[in-house]
Amino acid sequence: MQFSLTEEQQFIVDSAARFTADKISPFAAQWDETHTLPRTVLREAAELGFGAIYVSEASGGIGIGRLEAALIMEEMAYGCPSTAAFVSIHNMACKMIDSYATEDVKNAYLPHLITMDMLASYCLTEPGAGSDAASLKTSAKRQGDHYIVNGSKAFISGAGESEVYLVMCRTGDDGPKGISCLLIDKHADGVSFGAQEKKLGWHSQPTAQVNFDNVKVPASHRLGNEGQGFSIAMEGLDGGRLNIAACSIGGARRCIDEAVQYTTDRTQFSSRIIDFQNTQFTLADMTTELHAAKALLHQACEKVTHNAPDKTYFAAMAKRFATDTGSSIADRALQLFGGYGYLMDYPIERFWRDLRVHSILEGTNQIMRMIVARELMK
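Right, let's walk through the structure included here. It should be emphasised that the depicted structure is a prediction, and the values quoted were computed from it without experimental measurement.

Rules used throughout
Residues numbered from 1 in each chain as written. Predicted model: local features only at pLDDT ≥ 70, side-chain atom pairs only at ≥ 80, totals over all residues. Heavy atoms only, no water. Helix = DSSP H or I, 4+ residues; strand = E, 2+ residues; numbered from the N terminus. Expected span 1.5 Å × (residues − 1). Buried < 20%, exposed > 50% of the residue type's maximum accessible area, 1.4 Å probe, protein only. Axes fitted to C-alpha atoms, helices over the stretch in contact; angles between N-to-C directions. Parallel < 35°, antiparallel > 145°, perpendicular 65-115°, else oblique. Left-handed = near helix turned anticlockwise from the far one by under 90°. Contact = heavy atoms within 4.5 Å. Nonpolar A, V, L, I, M, F, W, Y, C, P; charged D, E, K, R; others polar. Pairing = 2+ DSSP bridges.

With respect to helix H7 (residues 229-265)
Taking 1.5 Å per residue as the helical rise, H7 with its 37 residues ought to reach 54 Å, and the 53 Å between its terminal C-alpha atoms agrees with that figure. Extensive coverage of H7 is indicated by the burial of 27 of its 37 residues.

Set out below in structure tokens:
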């Protein structure tokens, strides 16, 4: 059947679900409360290949497609959307290194990234360049066989924890064609980090500004050609948008399951809450919207995997719809819990907080609408 998972895909789902049930779900609330990045758990995930999802088998990864990756992200987000999203970002960076770095750079970094002994961050956004990413100002001036990098990146997941930073820098004229991508090591002289951001959600991963003050970077650490950085960054975002959509779907599915259980157990007016037609209609709408978002996401995954001409268009639609839907489902689930949904004793408020940012990052949902509209206007 066209919409059934293959035996291999079902094995991937089952493996990710077991890992989540054993290693993520029981501890996610604690990570959220203590703002802890669970590096030991990430290394355990890497033992299943989840640290090198897109990395080719020749480079030591498992080299699976975008749909299989989305299935993993959905299952991990069922336990903790914040942790799953961090794994997605790390994998996006690893894919970029495997695809565009020199063999020497790949040999130096990929073995440690694959095991998640090292972590990788993606650095595009700046204090003055958010949605208008091509206007970035971080500069990389060529001096012999090195670049000298100056500037700052904002809202960087993993900042201060990650050992590797893929940094989009201006090496040429204004606009997207003047941007290159450099791999910068955490321990390079001149790299520093701002204070950790105090965020609404995503507490299991650090977020901060990354600063570069006359950082000397070998030219061999450039990914791809000079001026190719923006296209590499956008290629990475196509995959990142699929994964963040999958994280929303996984989190929303957890919210539905929690809401069904709670409304089944809770009694008011001498009846179970789930026996009221209003509750049933709410749950039915939530479930229908979840499956619609999932179907669109899987279609977009196939488009990106096979490099279809309309892959970016479909990735944008899937990201917009799934992330808006995920937040809406979490909100309605919280409402079904009533006052208890607002308490940290139950997981709903954490999912509500974690899923909210998904409509902002990897390109805001307003930018996603612009991408879709631009396609329609061709």
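There is more to say, and it comes next.
Brief notes about the packing of helix H4 (residues 66-79) against H7
Across the interface, H4 lies against H7 with an axial gap of 7 Å and an inter-helix angle of 40°. Taken together, the axes of H4 and H7 are oblique relative to one another. In this structure, H4 crosses over H7, and the sense of that crossing is right-handed. Across from Arg66, Ala69, Ala70, Met73, Glu74, Glu75, Ala77, Tyr78 and Gly79 in H4, the residues of H7 making contact are Gly239, Leu242, Asn243, Ala246, Cys247, Ile249, Gly250, Gly251, Arg253, Arg254 and Asp257. A per-class count over the contact of H4 with H7 returns nine nonpolar, five polar and six charged.

Regarding the pairing of strand S3 (residues 146-157)
Examined bridge by bridge, strand S2 (residues 139-143) and S3 share five bridges and lie antiparallel to one another. Following the sheet pairing, Gln143 is matched in S3 by His146. If you look at the hairpin formed by S2 and S3, you'll find two residues sitting between the two strands, and Gly144 has a positive phi there, around 65°. The sheet contact formed by S3 and strand S7 (residues 207-218) spans nine bridges and is antiparallel. In the sheet register, Ile156 faces S7, and the bridge partner there is Ala208.

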